[in-house]
Amino acid sequence: QVQLVESGGGLVQPGGSLRLSCAASGFTFSSYALSWYRQAPGNQRELVAGISSGGSTNYADSVRGRFTISRDNARNTVYLQMNSLKPEDTAVYYCNTKRFSIYYWGQGTQVTVSS
């Protein structure tokens, strides 16, 4: 079955960096687009970044220029490099893919940006 497992979250000071990873299994990874979403307390889940099967990327305006999404098809892993982190980036970050009209989510990884 499809599994997405996020890792790499933690506590970081404003201006710092983190790299999130999402290890995927149960489907032909290289054939599917993947995305990172985040959800802060009291807020709706929002799209952060996406990457197509061909490597095209898109970003939310709030993270463009600071975050970079990438994928390693040999490792079945998608990454989110987050630089210049701000307190408003604090959220649970989720990996996502859509397969046959079904959305799959990981369990999420907490990112906290605070001094």
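Everything below is about the structure printed above this text.
The notes below deal with the structure included here. Model, not experiment: these values are computed from the prediction. (Residues numbered from 1 in each chain as written. Predicted model: local features only at pLDDT ≥ 70, side-chain atom pairs only at ≥ 80, totals over all residues. Heavy atoms only, no water.)

Strand order in the open sheet formed by four strands is β1-β3-β8-β7, and the pairing between neighbours is antiparallel. Looking at the sheet topology across the chains shown, the edges are occupied by β1 (3–7) and β7 (67–72). Strand-to-strand, the axes of this sheet are offset by a mean angle of 15 degrees, without reference to chain direction. Relative to strand β8 (residues 77–82), strand β3 (residues 18–25) runs antiparallel, the two sharing six bridges. Residue pairing in the sheet places A23 in a bridge with T77 of β8. (Pairing = 2+ DSSP bridges. Helix = DSSP H or I, 4+ residues; strand = E, 2+ residues; numbered from the N terminus. Axes fitted to C-alpha atoms, helices over the stretch in contact; angles between N-to-C directions.)

To continue, consider the state of the cysteines. Counted according to the given criterion, the structure contains one disulfide. Here C22 pairs with C95 through a disulfide, and the sulfurs are 2.2 Å apart. Given an S-S torsion of about -85 degrees, the disulfide between C22 and C95 has left-handed geometry. Taken together, the residues C22 in strand β3 and C95 in strand β9 (residues 91–99) connect sequence positions 73 residues apart. (Disulfide = S-S within 2.5 Å.)

Counted under the stated rule, the structure contains five salt bridges. Salt-bridge contacts for R66 lead to D89; the nearest nitrogen and oxygen are separated by 2.8 Å. Residue R66 is located in the loop between β6 (57–59) and β7, and its partner D89 is located in the loop between β8 and β9; the two are separated by 23 residues in the primary sequence. Here R66 matches D89 in class, with each residue buried. Shared partners join several salt bridges into a network, and the residues in it are R38, E46, R66 and D89. (Salt bridge = Lys/Arg side-chain N within 4 Å of Asp/Glu carboxyl O. Buried < 20%, exposed > 50% of the residue type's maximum accessible area, 1.4 Å probe, protein only.)

With respect to the element layout, S21 can be found in strand β3. Classification of S21 as buried rests on a relative accessible area of 16%. Setting aside residues up to four positions removed in sequence, S21 forms contacts with V5, E6, S7, W36, T77, V78 and Y79. (Contact = heavy atoms within 4.5 Å.)

Before going further, it helps to spend a moment on the pairing of β3. Relative to β3, β1 runs antiparallel, the two being bridged by five bridges. Among the inter-strand pairings, E6 is bridged to a residue of β3, identified as C22.

Most often, soluble globular proteins keep nonpolar side chains buried together rather than apart. Ranked by internal contacts, the top residues of the largest apolar core, which has 30 residues, are W36, V78, L80, M82 and Y93. Listing elements by their share of this core, those giving two or more residues are β3, β4 (34–39), β5 (46–51), β7, β8, β9 and β11 (109–113). Here this core gets four residues from one element, more than from any other, and that element is β3. Beyond its immediate sequence surroundings of up to four residues, V78 is in contact with L20, S21, C22, F29, L34, W36, I51, I69, S70, R71 and C95. (Core = buried A, V, L, I, M, F, W, Y, C linked by side-chain atoms within 4.5 Å.)

Further remarks concern the environment of N43. Inspection of the secondary structure assignment puts N43 in the loop between β4 and β5. N43 sits 21 residues away from R64 along the chain, and the two C-alpha atoms are 20 Å apart.

This is a description of form; function is not addressed.
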